[in-house]
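Secondary and tertiary structure notes
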Amino acid sequence: MKSSVPAVALWGKRAPFHSITAIMITDDQQTIVTGSQEGQICLWNLSSELKISSKEILFGHTASVTCLAKARDFEKQPYVVSATENGEMCVWNVTSGQCIENAKLPYRHTAICYYHCSFRMTGDGWLLCCGQYNDVLIIDAKTLTVLHTLISSQSSDWISCMCIVHSTRIQEDSLVAVSVTGDLKVWDLSSSVTSIQERQSVYEQESKSLDCTNCQAIRFCTYTERLLLVMFSNCWKVYDYCDFSLLCTEFSKSGQCFAGGEVLATQRLIIWTEDGHSYIYQLLNSGLSKSIYPADGKVLKETISPHLLCSTYVKEIKLLFLSQSFPFVMGFMNERKEPFYKILFSGEASGRITLWHIPDVPVSTLDGSPKEIPIAAAWTLQDDFDKHHSMLEGIVDHLCASKDGTESAAVSSSVYVPNLDKLVCGYEDGNIFITLALHAAKARILEDISLLKYTLPYKVLKGHSSSVTCLLYPHSKSARFDPSWLVSGGQDSCVIWWDIFTEEILHQFTLQAGPVMNLLLSPENYRLKGHRIVCCICSDHSVALLHLQERVCLLHARKHLFPVKMIKWHLAENLLIVGCEDDSVYIWEIETGTLERHETGEMAKAILTSCEDSECLMTDSILPVSQDTQMHKNAGYKSSSSYKLGTLPCPGVAQLHCRCKQTGTSHVQRPFTILPVKTKSNNINFHVLLFDLEKLVELLLSFQLSGLKSSNSFYSYDILKRAKSAAEKRTLTLKRNRTAGSLFPMDGQVKNICERKVHKDNRAVKSLEESGDIKRQKKVKSSKKIRLQPSGKIDTNITTDTAKLLLSCLLPWGVDKELDNHCVRYLDILRLQCPVSFGLVSNGNHISLMLPGWNHNHSGAEEEHMPNNLFSRKVLDLSNKYITAAQGQSGSKYGLENNADGTQGSQIVLYLLSRLSLVNRIVNMPLEFTNTIDSPQRLESVRNKWRSSETFSSSFSIFYDKSGCHFPDPENGSLVKLISSWRDQSIKIIEVIQAALLAEVQRSMKTLKKTSISSQPLTMIDNGNGEVQTLPKTEQTEQMAKYIKNIPLPKRPSDSFASSNSINQGPQPLLAAESFPVWLCFSQTAQ
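Keep in mind that this is a model prediction, so the values were computed, not measured. (Residues numbered from 1 in each chain as written. Predicted model: local features only at pLDDT ≥ 70, side-chain atom pairs only at ≥ 80, totals over all residues. Heavy atoms only, no water.)

A sheet is described by the order of its strands in space; here 4 strands give the open sequence β14-β15-β16-β18, paired in antiparallel fashion. Taken across any chain shown, the strands that pair with only one partner, and hence form the sheet edges, are β14 (159-167) and β18 (206-209). On average, adjacent strands in this sheet sit at an angle of 15° to one another, irrespective of strand direction. For strand β15 (residues 172-179) and strand β16 (residues 183-188), the ladder comprises 5 bridges, and the chain directions are antiparallel. Bridge assignment links Leu175 to a residue of β16, and that residue is Trp187. (Pairing = 2+ DSSP bridges. Helix = DSSP H or I, 4+ residues; strand = E, 2+ residues; numbered from the N terminus. Axes fitted to C-alpha atoms, helices over the stretch in contact; angles between N-to-C directions.)

This paragraph deals with the sheet that holds strand β19 (residues 215-220). Taken together, 4 strands build an open sheet; the order of strands is β19-β20-β21-β22 and the sheet is antiparallel. Edge positions in the sheet fall to β19 and β22 (246-251), since each of these pairs with one other strand and no more. Adjacent strand axes in the sheet meet at a mean angle of 15° when their direction is disregarded. Summarising the sheet, strand β20 (residues 227-232) and strand β21 (residues 235-240) pair through 5 bridges and their orientation is antiparallel. Note on β21: the bridge partner recorded for Met231 is Trp236.

Turning our eyes to something else, we now look at the packing of aromatic side chains. Applying the stated rule across the entire model yields 17 aromatic pairs. Pairing Tyr427 with Phe433 gives two aromatic rings, centres 5.0 Å apart and planes at 70°, and the pair type is edge-to-face. The residues Tyr427 and Phe433 share a single accessibility class, namely buried. Connected via pairs of aromatic rings, a cluster forms that spans Trp11, Phe59, Phe385 and Phe686. (Phe/Tyr/Trp six-rings, centres within 6.5 Å; stacked < 30°, edge-to-face > 60°. Buried < 20%, exposed > 50% of the residue type's maximum accessible area, 1.4 Å probe, protein only.)

This paragraph deals with helix α14 (residues 904-923). Along an α-helix, residues three or four positions apart point the same way, because every turn accommodates 3.6 residues. The end-to-end C-alpha separation of α14 is 29 Å, in line with the 28 Å expected for 20 residues at 1.5 Å each. Most of α14 is tucked away: 19 of the 20 residues are buried. (Expected span 1.5 Å × (residues − 1).)

Below, the discussion takes up the side chain of Glu56. Inspection of the secondary structure puts Glu56 in strand β5 (residues 52-59). Here Ser848 takes part through its side chain, which lies 3.4 Å from a polar atom of the side chain of Glu56. Within the local environment of Glu56, its side chain forms a polar contact with the side chain of Lys988, the two groups lying 3.1 Å apart. With near-sequence residues (within four places) excluded, Glu56 lies in contact with Ile41, Cys42, Leu43, Ser96, Gly97, Ser848, Leu849, Met850, Leu851 and Lys988. (Polar contact = N/O pair within 3.5 Å; in protein donor to acceptor, adjacent residues only side chain to side chain. Contact = heavy atoms within 4.5 Å.)

On to the side chain of Ser467. Considering the arrangement of structural elements, one finds Ser467 in the loop between β35 (458-462) and β36 (468-472). Polar side-chain contacts of Ser467 include one of 3.3 Å to the side chain of Ser412.

Take the confidence of the model for the chain next. Scored by pLDDT, the chain has a mean of 75; 68% of the residues are at 70 or more. Here helix α22 (residues 1068-1086) stands out as the element of the chain with the lowest mean pLDDT, 33, in contrast to strand β7 (residues 79-84), whose mean of 96 is the highest. Counting interchain partners and residues more than four positions distant, the pLDDT-below-50 stretch residues 712-792 has 116 contacts. The low-confidence segment residues 858-865 (pLDDT under 50) makes 11 contacts with residues lying over four places distant or belonging to another chain. (pLDDT = per-residue confidence, 0-100.)

This brings us to unusual backbone geometry. Where the residue is not glycine, phi is negative for most of them; where a peptide bond is considered, it is trans in most cases. Positive phi is not limited to glycine here, since Ser155 has a value of about 55°. By the secondary structure assignment, Ser155 is in the loop between β13 (146-151) and β14. The partly exposed category is assigned to Ser155, whose relative accessible area is 47%. The phi torsion at Asn574 lies on the positive side, around 60°, for a residue other than glycine. Relative to the assigned elements, Asn574 resides in the loop between β44 (564-570) and β45 (575-580).

The N-to-C vectors of helix α5 (residues 693-706) and α14 enclose an angle of 145°; their axes lie 9 Å apart at closest approach. Note on packing geometry: the crossing formed by α5 with α14 is left-handed. When α5 is examined against α14, the residues Leu693, Glu694, Leu696, Val697, Leu700, Leu701 and Gln704 are found in contact with a partner set consisting of Gln907, Leu910, Leu913, Ser914, Leu916, Ser917, Asn920 and Arg921. Its residues placed into classes, the contact of α5 with α14 shows 8 nonpolar, 5 polar and 2 charged. (Left-handed = near helix turned anticlockwise from the far one by under 90°. Nonpolar A, V, L, I, M, F, W, Y, C, P; charged D, E, K, R; others polar.)

Our focus in this paragraph is the environment of His277. If you trace the backbone, His277 turns up in the loop between β24 (268-273) and β25 (278-285). Overall, His277 belongs to the buried group, its relative accessible area being 18%. Linking His277 and Ser346, residues 69 residues apart in sequence, is a C-alpha distance of 10.0 Å. Contacts of His277, omitting those with residues within four sequence positions, involve Gln256, Ile271, Trp272, Thr312, Tyr313 and Met330.

Structure follows, in structure tokens:
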């Protein structure tokens, strides 16, 4: 069980590239699914009026998607399976966007068919797969493990295409396939179910040569159960399914290549080509036989001739970055349910989707010429981005905003520095900007502090003459590096070593090898003179090793003919092993810089296999693949070399679960991180904010137990509202940041502290050498621990701000104004500028992100009064059910009624996050836990199993042990059953979280009202008639405000005092005037 990680996408003005390589429409005709060359899966809404809008984009694949297919009975489970060029397979829930299962197999699939026969087989069905391997694989649709293989008794070869033939007349199922050599094969599935389950060999029932190669598709006519349509690249043919006799042949005209086809109705076909054309034919009985001398000696059959009725056409969009022309991917949906649409759809390399509504009875024009069917809809991702441009602004777009309105330089590289809470961005113009990460995110997302983004402090590093292509912060990889060091690579073929605290260039390496594509660090256990090495991958396929401290280039390997995809270090013999895309291997001696060996083929694989225990660095992906990904599930298979991660960097999120596990490092887990994402271009497309919910709960609880308090990073809502200018808001922000220790003047202090710790450690090592005292050895070990984590302390303010930012993003603003005011006034949770694009990390390294305009898509129309950030109307109903299920739970055990002082807001924030963490775990909890809630006999054993499970994190156990909420317990039973039932209904996790948050905020608001009335002191005030009136605390604010207005304010303190304590003279009179009523209010209460 793995809990999902909430995320928020900060999109830029440009949509990510999505070159469509596979496309399908779900059985309910409400969702279009597309796979891309970049590895993403995109989900599109399809309305009953055939209007298209993008909904969600799914990341997780590291190579181009080759095929898509349904993976379950869609009415029960809306699952779709995707396969890629490097053997990855994923099962996705298209309703929730979650990755249900994933695996990596040593097979490249080109077509997948889902098969399930409820009365013959158990389980969730099979995935029948064909591709660049012999025969047909049978893969379990639930676990994605290889179950069996359909074998060819003769002429075993790769299968080009296949289809499942279901005969309703005789109630039998068969698999019809055509090999690359043109052999048609038929396997009987109905009679082979038992043999497949018992792992017995299953051979084809029939086989026949079609005397034609390069088969593109094969389709069975379900209307007559007689015709079999086979499409080849240069022609298409119709066979009689009973004896496979040829009935019709139509050759390509004007050099077009056929790509596929479908049977529209009895005697009616639709055929499409690779260039986007399609043709509808009516099959007519010609009365003549094209076979004068039948080869098989049978009676002559009456053949058919095609008559062209209609056609469709779409003009291809040419893109500059596409070096070659890619074929259209097309399909056809013939739905017999309402609204009874026959839809022809296509996807292009430009990312455009086109739909045609095929009429039920296609007819030609009056003169007999074919009639052209108009396009019903066409849409791209960029169309949605242009339509909802108000939601689109990058996290650092304001840094390079031009004053004349022209387009500013784009971000070409980015890295997040968690221990300093800095975001470092390299731009196309060669500049490197460094700004406060969390504050920049808040200024981009939150409404009341949006103007502060133009006044946030930042630094600019200038040294590159052209675009900054890659960045490396060595301290995040190993604590032995100085926290002030930054390494950048540029298109100018320069690598610059920076001191980000002083903005100095420590050294510049000129490689003269083209743009620097990637920067890596040598393994922790490989050092030269006690230091790790920086490895540079250049665009000319060369590899350079740089020693920063010595300021020298140790090795520059230039003889690679293909792009580098893998770097391995042989530590024992001091060798650098470079793997290239052509599966060749180059072995370099690091000390001498000479090429020792160059191997290809099986020898190259053997060399890579022999180095399995060495350090391996993948160079062509932004993020590493998660170590716990289920790879090579089929028994008996062992990888001999690492698969290529894709020529185009695609983001995984394994970085979340690989918490700097390098040897010798001990970095503290961070509750917040920023993930830069680039797809096809050389620029960063967008950033993703990732929140570790359980880590936030753990840190906030530890702060509360240790008595640490946080000051508001931005001043309270009321003061911000009354600030008159952006300059005054900047003053308030700077005033806080001087105390929080997160602004740039503190960088020098961080550096000095680290230097003092390293110096202290060196002295300890020296004392150890002089004396063998055991106690001194223990001191040295402890000092090493201190030195290895100089930045281990996490700022209380950053953690609190992160928690409030997450709640601001999740809260469905606009549902209840009183609730909104409660969050802003008492909890310091600020409103959003616009709805945020939610995201979710699931199943290790898969992430789903909502696309701009999702709030309009889910509401069904663009309503002006649509509540801001409410994911769907379903959330309101779920929230009411949640309140009903949680009625028996008391808020006192969570600390809501313990205090009535100023710390109650922080306690409520902690309580809300803890409840969301609980809900998140229930959603991801296995069914074996949820099914035992009503069984007291098994509850204790399940609880022990829950706690002993390796996925039960320390943060979760710490919080619930302290608060007394042991899970699962009888009090939470109804809640667990309710949320588990939602999971079975494929309700999105964000809907569950929003419903739980809305319900818990309502409960906390009621608790706060009761606490304010019962526990806070009464206020005595003159009612204006000479009588003293006693008011409860809830009415104090409004009455005291009226009372204070009639009191003359004293003179402001001396100007010299005010000026000495103010950064900016402008806002000072306002602050001094407002500080007096606050003091007067407290003095009146005390009296």
